[in-house]
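Inside the fold
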Amino acid sequence: MKSLTTRLAVGVVAGVFVSTLASAETIRWARAGDSLTMDPHAQNEGPTHALAHQIYDSLLQRDMSGAIIPSLATEWAALPDNPNVWRFKLRKGVTYHDGAAFDSEDVVFSLNRAMADGSDMKELLSSVKEVRAVDSHTVDIETHGANPLLVNNLTNMFMMDKGWAEANDVMTPHDVAKGETNFATMNTNGTGAFKLVSRSIDEKTVLTANPNYWGKSIYPSQVTEIIYTPIQSSATRVAALLSGEVDIIQDVPVQDLGRVSSTAGLKVGTAAQNRVIFFGVDNADGPTADLRVRQAMNIAINREAIKKVVMRDQSDPTGVIMPPFVNGWTAALNEYPAHDLDKAKALMADAGYANGFDITLNCPNDRYINDEAICQAAVGMMGQIGINVTLDAKPKAQHFPFIKGGDSDFYMLGWGVPTFDSHYIFNFLVHTRTGDRGSWNPTGYSDSAVDDMIVSLESETDLAARNATIAKIWAAIQAQQMYLPIHNQVLNWGMKDSIEFAVQPEDQPHFQFLTFN
Amino acid sequence: MSAQKSLMGRFRESDFLYDFKRSPVTVVSFVIVVMLILLAVFADLVAPTNPFDAGSLNLMNGFTPPMQPNAFTGETFYLGTDDQGRDLLSAIIFGLRVSLFVGLTAVILAMVLGVSLGLIAGYRGGWVDSLIMRAADIQVTFPSILIAMLIFGIARGLLPPHMRDELAITVLIIAIGLSEWVPFARTVRGTTMVEKEKEYVQAARLIGLGSGQIMLRHILPNVLSPVLVIATITLALAIIAEATLSFLGVGAPPTEPSLGTLIRIGQDFLFSGEWWILLFPAATLLALALSVNLLGDWLRDILNPRLK
């Protein structure tokens, strides 16, 4: 009798153990907003890349500490006799989820696709002249001038299968700003650690481990399934973590940090994020075209109060739209002006707007940490210098195309810098809007001297001279108060104690790195 | 003058007042509703600050607990402040105004629409009746909040962005009004069908009065008492519908919060222990909706002779 009970007990315990093991390999992952598209070149946006990184691979990638490591390329170097050409040796034996082999044809195709119309990745490749396949596993990228930092631009540049793209008519990315979609919006075929099983936009995306993943022996690769659920409401998201409904959330609301870290079985991982949050204003038309108005708005923003009250100290106020991770950052640039209402009012009066004006502030409500609350605070701060602001807060899926369309006079945007270099900020946010540059500069700011300097960065090999040009460009932007910087974000990932996972400064969890303890 | 006196006298001796006084729940509900309405009407005079004036807010006052001085500014607020440093008491009083205004006007809209359609359907009969009542049947198969969201969504899509906030309240009223007309139409239609067979209507028809005049002058006064009951109950529904829409983020804008918007803001801070941001607006909404509902129930019992 006794032995039967013991055996039963052992059986039950063993059963429980086995079932925990099995379920522990599934990661239920949540964050505020969903990926905007599965097409890897259609949106250059954090959460979109974060999901794409599970499915697609780039030639090289950043590990969880932010360092560049090999991915689909195993070696890369500029040719000794021609610094304008970078040669990449590709990894052998890599297959796509549908079984097709990965080779240099796919690299040539993917990079050209990322430079095609409709791509949101163009600025990253604006220095590229031509991509050539040397043999089946060697690719040359030729730039207009020697570009020593080309590889930094390739960490989010995903590789697609040419044959699959041809078969499904997705040879070019769909233009999100125009409301287009294509087969690749909802379907994927990558070489990554996970395969897409099902996707329901804004609800749930299920991924399963790719059994033929090339990195299986390189990375821990313990996760067998990912269930990704966007949860916009911060209270609901935290409740889901507290109740054990999800295993990891990428954005613990700042007011709930204490609660999550003091809950048994949960922990919070914190790291400074490589992302700056700022307001864009129309530099060309309307009241904000006047430099004094932009300066007045800049000093009317009480960054300390935003940090203390809205962000509960989880932010790093700044006076420049550049996180400290970025080459070109200096403490002097980072310094922000004191909050000074009297001076702001005087500037407004000088500009002829003593009685203020009306303006609409466009704001996302599911993208950045407390985005809508920051915008609401800004409405009050602008109100104090007579600017009557109407707040229009929308989900990012509507906010971003609207901003890019250029119809906003005053908007919130955040900018992460995957290349860790100022050029990335300049090429997207500062350069005059042309076909392949300045796509996220809807402000109307345009300075041909600045444009020339930005382009010259792509072929400047003397790093000291390059950094001097970068400093000059920043000085020009700051003098014009082109943007109104707010702060750099601090990341707070909430997760179960059983998970070992470093917080990545780009806010990109790469789940092949995750281990269970 | 004397006629008015006798009216007051008649009211004082009526069953209506007698029943009212004998029901303490009703008296309490009535007092609450009157108080809340007065607060909303005289919000500018009663509220300590104007929460809609964004420029007057001090962000540093954010998250001040009730009756305790703020850690940075030292200011004290009766019901505390929300995340933007808005005085909650003022925000609730002004939010009450938004909620009541939207509720009342939406009910008036629903009533006018429902009564007119009900009268026409009941009086005309035939295909007109079928058309109107089938439309009503289809509409009741959808929850009214869904209809309101649909109308709200379409209206926002059609409006240019700069007009959206200005017209948000109007759109809200139309959306709720259009989703609540069915009960009015059904009741009025039923009563109209009974009334139109009665002698006084036949007589009116014989002397050659037009159908419009018969409907408005003769039938309408006789179908009004159930309409009054439905209106009261619908008012509670409309207030809750407004709160729900605002809670879902599609109603009143966050810079001019209604009670529902305040509750939406407050729910983000439940886990972090800032309970007052949610509790006070929610309690106000509960008191308002419950009181209006209890009044409506009582009115239904009183005006329905079969329940006496």
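Remember, predicted model here, so these are calculated numbers, not experimental data.

1. With respect to the overall build of chain B
Broken down by element type, chain B carries 13 helices and zero strands. Going from N to C terminus, chain B has its helices and strands arranged as α-α-α-α-α-α-α-α-α-α-α-α-α. In terms of principal-axis extent, the alpha carbons of chain B reach across some 80 × 50 × 35 Å. Pairs at least 24 apart in sequence give 68% of the contacts found in chain B among residues at least 6 apart.

2. Some details on the overall build of chain A
Of regular secondary structure, chain A possesses 15 helices and 19 strands. At 24 Å, chain A has a C-alpha radius of gyration in line with the 24 Å of a compact globule built from 517 residues. With the C-alpha coordinates of chain A rotated into their principal frame, the extents come out at 90 × 60 × 40 Å. For chain A, the residues scored as buried account for 52% of the 517 residues in total.

3. Considering the nonpolar core
In this structure, A:Phe279, A:Leu361, A:Ala378 and A:Ile425 are the most contacted members of the largest nonpolar core, which totals 76 residues. It is helix α11 (residues 371-383) of chain A that provides the largest number of residues to this core, a total of eight residues. Setting aside its immediate chain neighbours within four residues, A:Ile425 contacts A:Ile321, A:Met322, A:Trp415, A:Val417 and A:Val430. Ranked by size, the runner-up nonpolar core spans 75 residues in total, among them B:Ala43, B:Ala91, B:Ala185 and B:Leu294.

4. Things to note about the packing of helix α6 (residues 126-141) of chain B against helix α9 (residues 182-195) of chain B
All names here are of chain B. As a packed pair, α6 and α9 sit with axes 10 Å apart at the nearest point and diverge in direction by 140 degrees. Classified by the interaxial angle, the pair formed by α6 and α9 is oblique. Every pair of crossing elements has a handedness; the one defined by α6 and α9 is left-handed. Touching Ile 132, Met 133, Ala 136, Gln 139 and Val 140 of α6 are Val 182, Ala 185, Arg 186 and Arg 189, all from α9. Its residues placed into classes, the contact of α6 with α9 shows six nonpolar, one polar and two charged.

5. Here we look at the interface of chain A and chain B
Contacts between the two partners involve 21 residues from chain A, matched on the other side by 22 residues from chain B. For the side of chain A that touches chain B, the element with the most residues is α11(A), which contributes six residues. Classifying every residue of the side of chain A that touches chain B by side-chain character gives nine nonpolar, nine polar and three charged.

6. Brief notes about the environment of A:Asp407
Residues and elements named next belong to chain A. Its location among the elements puts Asp 407 in the loop between α12 (396-404) and β16 (410-416). Overall, Asp 407 belongs to the partly exposed group, with 13 C-beta atoms counted inside 10 Å. For Asp 407 and Asn 112, which are 295 residues apart along the polypeptide, the C-alpha to C-alpha distance reads 30 Å.

7. Quick word on the pairing of strand β7 (residues 138-143) of chain A
All names here are of chain A. A one-sided burial pattern is seen for β7, the buried positions being Val 139, Ile 141 and Thr 143 and the unburied ones Thr 138, Asp 140 and Glu 142. Judged from the five bridges that link them, strand β5 (residues 82-90) and β7 form a sheet pairing that is antiparallel. Across the sheet, the residue bridging to Val 85 is Glu 142, located in β7. Sheet topology places strand β6 (residues 128-135) next to β7; six bridges connect them, and they run antiparallel.

8. Some remarks on the confidence of the model for chain A
Regions with low pLDDT should not have their predicted coordinates read in detail. Of the residues in chain A, 95% reach a pLDDT of 70 or more, and the chain-wide mean stands at 92. Under a pLDDT of 50 for its full length, residues 11-23 of chain A has, in the predicted model, zero contacts with residues more than four places off or in other chains.

9. Things to note about unusual backbone geometry
Residue and element names in this part refer to chain A. With phi around 55 degrees, Asp 169 is a residue other than glycine that occupies positive phi space. Within the element layout of this structure, Asp 169 appears in the loop between α4 (162-167) and β8 (194-200). Residues other than glycine seldom take positive phi values, yet Phe 420 does so here, at roughly 60 degrees. Note on placement: Phe 420 falls in the loop between β16 and α13 (422-430).

10. Things to note about helix α15 (residues 463-480) of chain A
Because each turn of an α-helix spans 3.6 residues, side chains separated by three or four positions in sequence point in the same direction. All names here are of chain A. The terminal C-alpha atoms of α15, which comprises 18 residues, lie 26 Å apart, in line with the 26 Å expected from a rise of 1.5 Å per residue. Among the residues making up α15, those that are buried are Arg 466, Thr 469, Ile 470, Ile 473, Trp 474 and Ile 477. Down the axis of α15, the smallest arc covering the buried residues is 140 degrees, so these residues share one side. When the buried face of α15 is taken as reference, the exposed residues oriented beyond 90 degrees from it are Ala 464, Ala 465, Ala 468, Ala 475 and Ala 479. Just downstream of α15, Gln 481 is the residue with a positive phi angle, here 45 degrees.

11. Some remarks on the domain arrangement of chain A
All names here are of chain A. Here the domain parsing of chain A yields domain 1 (42-48 + 57-169) and domain 2 (272-490). Using only C-alpha atoms to locate each centre, domain 1 and domain 2 end up separated by 31 Å. Facing the 19 residues of domain 1 at the interface are 15 residues of domain 2. Among the residues making up the side of domain 1 that touches domain 2, the classes are represented as four nonpolar, eleven polar and four charged.

12. A short note on the sheet that holds β6(A)
Strand pairing within a sheet occurs via backbone hydrogen bonds; the two strands may be parallel or antiparallel. All names here are of chain A. Read from one edge of the open sheet, four strands run β4-β5-β7-β6, paired in antiparallel fashion. The strands lining the two open edges of the sheet, one partner per strand, are β4 (73-79) and β6. Between one strand and the next, the sheet's axes are offset by a mean angle of 20 degrees, whatever the strand orientation. Strand contacts of helix α3 (residues 104-114): β5, β6 and β7, with the helix running at about 170 degrees to β6, the strand carrying the most contacts.

13. Quick look at helix α2 (residues 46-55) of chain A
All names here are of chain A. With ten of ten residues buried, α2 lies mostly within the body of the structure. Residues of α2 that are buried: Gly 46, Pro 47, Thr 48, His 49, Ala 50, Leu 51, Ala 52, His 53, Gln 54 and Ile 55. On the buried face of α2, the contacting elements are β1 (26-31), β8, β9 (204-209), β10 (225-230) and β16.

14. Comments concerning the confidence of the model for chain B
All names here are of chain B. The predicted model of chain B has a mean per-residue pLDDT of 88, with 96% of residues at 70 or higher. For chain B, helix α1 (residues 2-12) is the element with the lowest average pLDDT, namely 70, and helix α3 (residues 24-41) is the one with the highest, namely 95. The ipTM assigned to the predicted complex is 0.81, against a pTM of 0.86.

15. A closer look at the packing of helix α10 (residues 199-206) of chain B against helix α11 (residues 211-247) of chain B
Between two packed helices, what matters for the description is the angle formed by their axes and the separation of those axes. Residue and element names in this part refer to chain B. Running from N to C, α10 and α11 point in directions that differ by 150 degrees, and their axes come no closer than 11 Å. Taken together, the axes of α10 and α11 lie roughly antiparallel to each other. Crossing angle aside, the handedness with which α10 passes α11 is right-handed. Seen from α10, the contacting residues are Tyr 200, Val 201, Ala 204 and Arg 205; seen from α11, they are Ile 214, His 218 and Ile 219. Here the residues of the contact of α10 with α11 are counted per class, giving five nonpolar, one polar and one charged.

16. Some words on the pairing of β8(A)
Residues and elements named next belong to chain A. When β8 meets β9, the two strands line up antiparallel, connected through six bridges. Paired with Ser 198 across the strands is Val 206, a residue of β9. In this structure, the hairpin formed by β8 and β9 is closed by a connection of three residues, where Asp 202 is found at a positive phi of approximately 65 degrees.

17. Remarks on the environment of A:Gln232
Residue and element names in this part refer to chain A. Here Gln 232 is to be found in the loop between β10 and α5 (234-242). With 16 C-beta atoms packed within 10 Å, Gln 232 lands in the partly exposed category. Placed 163 residues apart in sequence, Gln 232 and Pro 395 show a C-alpha to C-alpha distance of 9.2 Å. Setting aside its immediate chain neighbours within four residues, Gln 232 contacts Ala 32, Gly 33 and Asp 366.

18. Topic: the environment of B:Ser246
Residues and elements named next belong to chain B. Locating Ser 246 in the fold gives a position in helix α11. Note: C-alpha distance between Ser 246 and Ala 175 (71 residues apart in sequence) is 13 Å. Non-local contacts of Ser 246, meaning those with residues more than four positions away in its chain, are made with Gly 251, Ala 252, Ser 258, Gly 260, Thr 261 and Arg 264.

Thresholds applied
- Residues numbered from 1 in each chain as written.
- Chains lettered and ligands numbered in written order.
- Predicted model: local features only at pLDDT ≥ 70, side-chain atom pairs only at ≥ 80, totals over all residues.
- Helix = DSSP H or I, 4+ residues; strand = E, 2+ residues; numbered from the N terminus.
- Contact = placed C-beta atoms within 7 Å.
- Rg over C-alpha atoms; globule rule 2.2 N^0.38 Å.
- Buried ≥ 20, exposed ≤ 12 C-beta atoms within 10 Å, placed from the backbone.
- Core = buried A, V, L, I, M, F, W, Y, C linked by C-beta atoms within 7 Å.
- Axes fitted to C-alpha atoms, helices over the stretch in contact; angles between N-to-C directions.
- Parallel < 35°, antiparallel > 145°, perpendicular 65-115°, else oblique.
- Left-handed = near helix turned anticlockwise from the far one by under 90°.
- Nonpolar A, V, L, I, M, F, W, Y, C, P; charged D, E, K, R; others polar.
- Pairing = 2+ DSSP bridges.
- pLDDT = per-residue confidence, 0-100.
- Expected span 1.5 Å × (residues − 1).
- Arc of directions from axis to C-beta.
- Domains from an automatic or database assignment.

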